[in-house]
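One-letter residues, chain by chain:
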Amino acid sequence: MSANRPAAVVVLAAGEGTRMKSATPKVLHDICGRSLVAHVVVAAQELDPEHLVVVVGHARERVCEHLGGLDPDIRAAVQHEQNGTGHAVRMGLEALSADGVTLDGTVIVTCGDTPLLTGSTLRTLADTHTAEGNAVTVLTAEVPDSTGYGRIVRGADGSVTEIVEHKDATEAQRAVREINSGVFAFDAALLSDALGKVRTDNTQGEEYLTDVLGILREAGHRVGAAVAADHREILGINNRVQLAEARRLLNERLLEGMMLSGVTIIDPATTWVDATVTAEPDSLVHPGSQLLGATHLSAHAEVGPNSRLADTEVGEGAVVSNTVADGARIGAGACVGPYAYLRPGTDLGPKSKAGTYVEMKNAQIGEGTKVPHLSYVGDATIGEYTNIGASSVFVNYDGETKHHTTIGSHCKTGSDNMFVAPVTIGDGAYTAAGSVITKDVPPGSLAVARGQQRNIEGWVARKRPGSAAAQAAQAAGRREDSGK
């Protein structure tokens, strides 16, 4: 075990977050593809702690279910009544103790509403704590404006002598720009002992975690500090305005990382990505695009403008323009859009095409096959190098059950075709324009399924006398007569 591997990380996520004005618990609000608390959990997991505990309270059933989906090894500790941060940490430690865990080493305490906090900064906190031999190490930050924050007061040796709230600070203390983040590293044994000594004789009647610092310092232990490299990492989320600001900052960070890795982002101001998106060097993203979920861009892939891809794989050299795709796979060299909609289960083969105003769902499209425009392809398998005519519809639903259509390789289907599933079109077959295909078509055959045309002369004059159409027809007749 690494000497700097924390014994535990305790994440405080029990609050209601009333200022969010939401039926969703605050820590479950989404930012760049993860909940607030999930971002904190991911950062904590970078430290590889022996135990990871999340203290829950408000809407704990929903939060626990969410945590279980993130990692079944996360231990949820319940704070039935929100009696302060010190009480919350005590609940976390007691939950571990009830499981027979005896902590020895460093305990990191962090907040469930700080999605910008990185694992790297937590590692710096843990390393500083160990290197300085502190009883407590406070994560601090130097901010441009410290109004409203608790100020860090240091002694001559650099140790933290106290944290002074803004309302209690002197003029000199108010000039201090180093503030408390609410994130700490503790010696496990000292923390457990000190929590039992925290009093509730304050205006809120709560157990404050910050009181532990004074208790340990009075006992002769050293309280130190580690300064975050970027003060924005410690920003907590309390309302929708702060949520939007944090989302912008995190998005900028993610895009910067992508660009430094070799991805071209034409306009970062209008491009949004989730933390779980990956992209290879020399991929290109045009303005107005959103890359969400587990989306991956291969080298030389080109996305946008104005595309929204969720959980979609884009192959090498593929071009995806003005497209919405969800759970799709786009093969190398494929062309999608503009104005295409790829729904879950769509799998476009290499060099294939889903063109303008094409919708696909649960469709496997072979290499080189083209569906150029104005078509719906649902529950279908299409072979290689087939061309689907404009305005084609794969009629997959009979009102109760979805059915499958299979079209072979090197087929040519006419415009305005209806393929009424279940139906199979053999390799090399053709279908005539305007056909409604209800029966299987053998390989190499031409299917014609449409009524014979007949023209009823004079129908407009008899049925729509005096109409604009009748007048136009009459004028056309006079021109024909004069030309004879």
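Here, the structure is the one placed above.
Only a predicted model underlies this, so the values are computations on that prediction, with no experimental measurement involved. (Residues numbered from 1 in each chain as written. Predicted model: local features only at pLDDT ≥ 70, side-chain atom pairs only at ≥ 80, totals over all residues. Heavy atoms only, no water.)

Caption draft 1: Fine view of the overall build of the protein. Regarding its fold elements, the protein presents 10 helices and 37 strands. For the protein, the C-alpha radius of gyration of 33 Å lies well beyond 23 Å, the compact-globule estimate for 484 residues. The principal-axis extent of the C-alpha atoms belonging to the protein is close to 115 × 50 × 40 Å. Look at the contacts in the protein between residues 6 or more apart in sequence, and 40% of them connect residues 24 or more apart. Looking at the protein as shown, the accessible area adds up to about 22,800 Å², and 49% of this sits on carbon and sulfur atoms. Across the protein, the centroid of the 42 positively charged side chains sits 11 Å from that of the 58 negatively charged ones. (Helix = DSSP H or I, 4+ residues; strand = E, 2+ residues; numbered from the N terminus. Rg over C-alpha atoms; globule rule 2.2 N^0.38 Å. Contact = heavy atoms within 4.5 Å. Areas by Shrake-Rupley, 256 points an atom, 1.4 Å probe, with all protein chains shown as cover. Lys, Arg positive; Asp, Glu negative; His and termini not counted. Charge placed at Lys NZ, Arg CZ, Asp CG, Glu CD.)

Caption draft 2: How the structure looks around the pattern of salt bridges. Across all of its chains, the model carries 16 salt bridges by this definition. A salt bridge links Asp 201 to Arg 199; the nearest nitrogen and oxygen atoms lie 3.1 Å apart. A relative accessible area of 58% means that Asp 201 is categorised as exposed. When salt bridges with common partners are traced through the structure, they connect Arg 90, Glu 94 and Glu 207 into a single cluster. (Salt bridge = Lys/Arg side-chain N within 4 Å of Asp/Glu carboxyl O. Buried < 20%, exposed > 50% of the residue type's maximum accessible area, 1.4 Å probe, protein only.)

Caption draft 3: Here's a closer look at the pairing of strand β28 (residues 370–382). Across 10 bridges, strand β27 (residues 353–365) lies against β28 in parallel orientation. In the strand pairing of β28, Glu 359 is matched with Tyr 376. Alignment of β28 against strand β31 (residues 405–407), held across three bridges, turns out to be parallel. Pairing of Ala 380 across the sheet is with Thr 405, part of β31. (Pairing = 2+ DSSP bridges.)

Caption draft 4: Geometry of the packing of helix α3 (residues 85–98) against helix α6 (residues 188–195). Following both chains from N to C, one finds α3 and α6 inclined at 120 degrees, their axes separated by 10 Å at the closest point. Of the possible angle classes, the one that applies to α3 and α6 is oblique. Between α3 and α6 lies a crossing of left-handed hand. Between α3 and α6, the contacting residues are Gly 86, Val 89, Arg 90 and Leu 93 on the first element and Leu 191, Ser 192 and Leu 195 on the second. Residues that form the contact of α3 with α6 fall into these classes: four nonpolar, two polar and one charged. (Axes fitted to C-alpha atoms, helices over the stretch in contact; angles between N-to-C directions. Parallel < 35°, antiparallel > 145°, perpendicular 65-115°, else oblique. Left-handed = near helix turned anticlockwise from the far one by under 90°. Nonpolar A, V, L, I, M, F, W, Y, C, P; charged D, E, K, R; others polar.)

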